[in-house]
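This is what each chain is made of:
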Amino acid sequence: MTVALSLLAQYRVGLLLGATLVVALALVPGFASPITAGLSLDRAASVGLIAVGLTLLLAAGQIDLSGGAVFALTGIVATILQPALGVWPAAAVGVAAGLTCGAVNGLVVVGLRINSLVATLATLLVFRALSHWLTESQPVSGTDVMVSLVVSELQWGVLTIRAGLFLLLILLLHLCLTRTVAGRNVLAIGSNPAAA
Amino acid sequence: MTAVPASQTRHGSTTPLRAAGAMALPVAILAVLVLGILVSPSFLTLGNLLNVATSMSILGIVVVAMTFVLVSGGLADLSVPATVAMGAILALALQPALGTAAAFVLAVAAAGMAGVLNGVLIGYARINAIIATLATGTVILGIAQWAVGGVIVYGSDPASADLIKGRVAGIPVLVIIFLVVAVAGHLLLDRTVWGRHTRATGDSPPAATAAAVPVRRIKAGAFALTGLAGGLSGGLLGLTLQSARPMVGQGYEFDAITAVVVGGVSILGGQGSVPRAVGGLVFVQLLANVMTLAGIRTPVQGLVLGLLIIAAVALDILVRRRGGA
């Protein structure tokens, strides 16, 4: 009985996902097609990419409230630089901007020893302010519509680039957390900073 | 942390620093007042100051309750936007069926029940407060939307809006309600056993448990309070606007946490008071008002506010020599 319960608890997410899929397959016509799977995965990937990063933070016992603001700022930077730099360099600068935001968060939390909840609440306001500043609070659009087609196209019938990147990062993070010293350090810090 | 040994922080060399910490907030508020007078002739007018006071009152009710959450070591209540929305939506939606007063009471009670649910999950089931309130926020908002079956609800009793937006002896009714809540919250935290227990719980849960403090009940109580306060705040907001959308409470959680933290209440729990939190609220609201009068755009205001939080907390850590906060 207790073994069954603990198994249930250990695989609860998988079971929930399985149950959801079964219900969806039974009730929603056309749910089983690879296109549905590919598009669902693509939609999950945007939030999922942030979730991959948050996994690492939660494992270390921290939180980041500024994820959404960084998401917006990165997208805005990547979009408004397109006319000047071209699509892909602009995207790279966007990612670099996101990285900078993360570095700022890290600096405030570790350097100033501010609780991550409060620190990322503050940086959330700052990053959001920067986004509004850069765009004058107007929506911005890219120069090349074809890029969005490439990004959201299903490769080999199932995976978009975004979804592929998402799966790849999950795999990398999993290997990193379980197989490397740095990963195990993160888990150790999360379970007991003093002992670590 | 740095050079000064722990023993010196209690007496001797850091006392001036500590005094500076206690004086920082009043001085900052005074500085904003002076800045406001310099920036705009319309700042120091009764009309403008009453406007600021009125607009901070609805948020202020949440700030008072959020102080209890932080002091009890409960981190923060992120379900506030949902309880505010529930209060606003139910207070208006139930008006035709129950009458204004009964609808209002029921709306506040429903939000209070949501707070109790948070309290049970966090205090008794020991789920992390951030995760728990994030989850219940979604559920509460869903229930409130489902209950009215629509997106926007409108009020059907304009007289109630006039009452809430009116004045008694020159003071806006909303401000009076806020002051009553603030004074009650202050007395509760500072003068009662519950308040002492709340501090003890936030200071060190194991020590509090050892001293026979009902730690679980105290934590649960703090979240029940934010639920009630969110409902009250939302109900008043609904009556003021005479309409309520599910997103009506958006940002209230962060604005409330900002005020409490800028007031110098540690997010690690154990210390802080309602007057400090209200001081933080007054400072932030006055600063926003001055920036608006000075023609500074909203995005830049966000920038200033974000940096302000970091500065306030960093100063707090420097003064108290306590990791985190």
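Residues numbered from 1 in each chain as written. Chains lettered and ligands numbered in written order. Predicted model: local features only at pLDDT ≥ 70, side-chain atom pairs only at ≥ 80, totals over all residues. Heavy atoms only, no water.

Participant: It is not clear to me how the overall build of chain B should be interpreted in this structure. Could you clarify?
Facilitator: Regarding its fold elements, chain B presents 15 helices and four strands. Its C-alpha atoms give chain B principal-axis dimensions of about 65 × 55 × 35 Å. In chain B, which comprises 325 residues, the share counted as buried stands at 51%. Partitioning the contacts of chain B with sequence separation of at least 6, the portion at a separation of at least 24 is 78%. (Helix = DSSP H or I, 4+ residues; strand = E, 2+ residues; numbered from the N terminus. Buried < 20%, exposed > 50% of the residue type's maximum accessible area, 1.4 Å probe, protein only. Contact = heavy atoms within 4.5 Å.)

Participant: Looking at this structure, how should I read the overall build of chain A?
Facilitator: Scanning chain A from N- to C-terminus turns up ten helices and zero strands. In chain A, the order of α-helices and β-strands from amino to carboxyl end is α-α-α-α-α-α-α-α-α-α. Seen through its C-alpha atoms, chain A measures out along the principal axes to roughly 65 × 50 × 30 Å. Classification of the 196 residues of chain A by burial places 28% in the buried group. Of the contacts made within chain A by residues no fewer than 6 positions apart, 63% connect residues no fewer than 24 positions apart. When the accessible surface of chain A is split by element, carbon and sulfur atoms take 74% of a total near 12,100 Å². Taken as two groups, the 7 positive and 5 negative side-chain charges of chain A have centres that lie 20 Å from each other. (Areas by Shrake-Rupley, 256 points an atom, 1.4 Å probe, with all protein chains shown as cover. Lys, Arg positive; Asp, Glu negative; His and termini not counted. Charge placed at Lys NZ, Arg CZ, Asp CG, Glu CD.)

Participant: What am I meant to see in the packing of aromatic side chains here?
Facilitator: Aromatic ring pairs: the centre-centre distance and the angle between the two ring planes describe each pair. Residues and elements named next belong to chain B. Counted according to the given criterion, the structure contains one aromatic pair over all chains. With 6.1 Å between their ring centres and 40 degrees between their planes, Phe68 and Trp194 make a pair best called tilted. On the criterion of sequence distance, the pair formed by Phe68 in helix α3 (residues 46-71) and Trp194 in helix α10 (residues 193-203) is long-range, its members being 126 residues apart. Phe68 sits in the buried class, given a relative accessible area of 2%. (Phe/Tyr/Trp six-rings, centres within 6.5 Å; stacked < 30°, edge-to-face > 60°.)

Participant: I'm lost on the interface of chain A and chain B in this one. Help?
Facilitator: Tallying the contact residues gives 20 residues for chain A and 26 residues for chain B. Between chain A and chain B, a total of about 2,000 Å² is buried, with carbon and sulfur atoms accounting for 84% of that surface. Run the count over chain A and chain B and you get zero salt bridges. Of the residues forming the side of chain A that touches chain B, the biggest block, twelve residues, is contributed by helix α7 (residues 116-135) of chain A. (Buried area = accessible area lost by both parts, 1.4 Å probe. Salt bridge = Lys/Arg side-chain N within 4 Å of Asp/Glu carboxyl O.)

Participant: Would you mind showing me how to read unusual backbone geometry here?
Facilitator: Most peptide bonds take the trans configuration, and most residues that are not glycine carry a negative phi. All names here are of chain B. The backbone of Ala169 shows a phi angle near 50 degrees, a positive value even though the residue is not glycine. With respect to the secondary-structure elements, Ala169 resides in the loop between β2 (167-168) and β3 (171-172). Residues other than glycine seldom take positive phi values, yet Gln242 does so here, at roughly 60 degrees.

Participant: So what exactly am I meant to see when it comes to a nonpolar patch on the surface here?
Facilitator: Residue and element names in this part refer to chain A. Taken together, Val3, Leu5, Leu7, Leu8, Tyr11 and Leu15 make up a surface patch of nonpolar side chains, about 600 Å² in accessible area. Residue position: Leu15 is located in helix α2 (residues 12-27). Residue Leu15 is classed as partly exposed on the basis of its relative accessible area of 46%. (Patch = residues over 30% accessible without salt bridge, like charges linked within 9 Å, V, L, I, M, F, W, Y side chains within 5 Å.)

Participant: Honestly, the layout of surface pockets in this entry has me stumped. Any pointers?
Facilitator: Using a probe with the size of a water molecule, rolled over the atoms, empty space left in the structure can be pinpointed. The calculated volume of the largest pocket comes to roughly 2,000 Å³. Along the walls of the largest pocket sit 49 residues, with Leu49, Ile50, Phe71, Thr74 and Val95 of chain A positioned nearest its centre. At the level of elements, α3 (34-59), α4 (67-80), α6 (87-111), α7, α8 (145-152) and α9 (161-179) of chain A are the ones that each hand at least two residues to the lining of the largest pocket. Of the residues assigned to the lining of the largest pocket, the class counts are 28 nonpolar, 18 polar and three charged. Looking at the second largest pocket, its volume works out to about 1,600 Å³. Arg128 of chain A together with Gln250, Gly251, Glu253 and Phe254 of chain B are the residues nearest the centre of the second largest pocket, which is lined by 49 residues in total. For the lining of the second largest pocket, a count of residues per class yields 30 nonpolar, 15 polar and four charged. (1 Å grid on protein atoms, 1.4 Å probe; cavity = no way out; pocket = protein on both sides within 12 Å on 5 of 7 lines; lining within 4 Å. Points joined across faces, edges and corners; volume = space filled by probe spheres on them. Nonpolar A, V, L, I, M, F, W, Y, C, P; charged D, E, K, R; others polar.)

Participant: I would appreciate a short explanation of the environment of Leu173 of chain A in the present structure.
Facilitator: All names here are of chain A. With respect to the helices, strands and loops of the structure, Leu173 is situated in helix α9. The spacing of Leu173 and Val52 is 121 residues in sequence and 7.5 Å in space, taken between C-alpha atoms. For Leu173, the contacting residues outside a window of four places in its chain are Val52, Thr55 and Leu56.

Participant: When you look at the environment of Met56 of chain B in this model, what are you seeing that I'm missing?
Facilitator: All names here are of chain B. Note that Met56 resides in helix α3. With 33 residues separating them in the primary sequence, Met56 and Met23 have C-alpha atoms 23 Å apart. When neighbours within four sequence positions are excluded, Met56 is seen to be in contact with Leu281, Val282 and Gln285.

Participant: Explanation requested: the pattern of salt bridges in the structure shown.
Facilitator: Should the charged atoms of two oppositely charged side chains come close, the side chains can pair. All names here are of chain B. Tallied over the entire structure, the rule returns one salt bridge over all chains. For Arg199, the salt bridge is made with Asp190, and the minimal N-O distance between the two is 3.4 Å. With relative accessibility at 23%, the residue Arg199 sits in the partly exposed group. We classify Asp190 as partly exposed; its relative accessible area is 34%.

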